[in-house]
Amino acid sequence: IEHLRSGQISALATSSWLLDLQPYTGEIELSDPIVQDGQFVVGAYTRASNDKALGMTSLAEFRALRVVSNSDWSADWQTLAGLGVSDCADVKTWRQMVYMVNSDEVDILLAPFPSASDCNIEFEGCTLIPVPDCRIVLRGSRHLAAARSKLGLSIAQTIFPALRRMVEDGSMRQAFTECGFLNKTTEHWHVINSASIEANLPP
């Protein structure tokens, strides 16, 4: 984002949370939402031998788990705080998070569901599995952003409207489903923060 603000790059190649981009709306160009608020759903991942995590069935039990995340991941960190998690380790690399769960230093990490039917995460010899029937919604929308340079503005004027049309005609949702981001295997799993989401929706 700093490179974008200074014009050293013309646009972000991936979407970012509005929470992270909004402070700079006077300096950069934002697209309409690519990922809608409430659309970004993740699982709680643990090791296969962690019976406490795998047996979790309520928000109270979720709060009692040891969690690892990254405080720079604004939506994840804010969601965990909103869920009332008190034991949350702050580490900066995905590798370290996976190793900490795999070695039982912590119970779970949050991660998007992979497209594989078993939804397991395989990483450097470690296998993490999702807590069954458990989903968490990360609140907020995700957007693309461009610099206010000549090329950045050209990208914003050409690409952003095309992406908006893809959202409006449903082709973006279809693409998200085909790539597994909107996971068909887990689409009916329980959302453990559904009550807090409903309480904060506009009337």
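K.L.:
Give me the lowdown on helix α6 (residues 94-102), citing residues and values where you can.
P.N.:
Buried within α6 are the following residues: M97, V98, M100 and V101. Buried residues of α6, seen end-on, are gathered within an arc of 160° and therefore sit on one face of the element. Among the residues trailing α6, D104 stands out with phi positive, at a value near 70°.

K.L.:
Let's hear about the pattern of salt bridges: which residues, and what values?
P.N.:
Should the charged atoms of two oppositely charged side chains come close, the side chains can pair. Scanning the entire structure with this criterion turns up eleven salt bridges. One salt bridge connects D104 with R66, and the closest N-O pair in it is separated by 3.3 Å. With D104 in the loop between α6 and β6 (108-112) and R66 in the loop between α4 (59-63) and β4 (67-69), this residue pair connects regions lying 38 residues apart in the sequence. According to the relative accessible area criterion, D104 is partly exposed, its value standing at 35%. By relative accessible area, R66 is classed as partly exposed at 26%. A salt bridge links D107 to R66; the shortest N-O distance between them is 2.9 Å. With D107 in the loop between α6 and β6 and R66 in the loop between α4 and β4, this pair connects stretches of sequence that are 41 residues apart. In this structure D107 comes out as buried when scored by relative accessible area, which is 3%. Where salt bridges share partners, they join E2, R5 and E27 into one cluster.

Rules behind the numbers
- Residues numbered from 1 in each chain as written.
- Predicted model: local features only at pLDDT ≥ 70, side-chain atom pairs only at ≥ 80, totals over all residues.
- Heavy atoms only, no water.
- Buried < 20%, exposed > 50% of the residue type's maximum accessible area, 1.4 Å probe, protein only.
- Helix = DSSP H or I, 4+ residues; strand = E, 2+ residues; numbered from the N terminus.
- Arc of directions from axis to C-beta.
- Salt bridge = Lys/Arg side-chain N within 4 Å of Asp/Glu carboxyl O.

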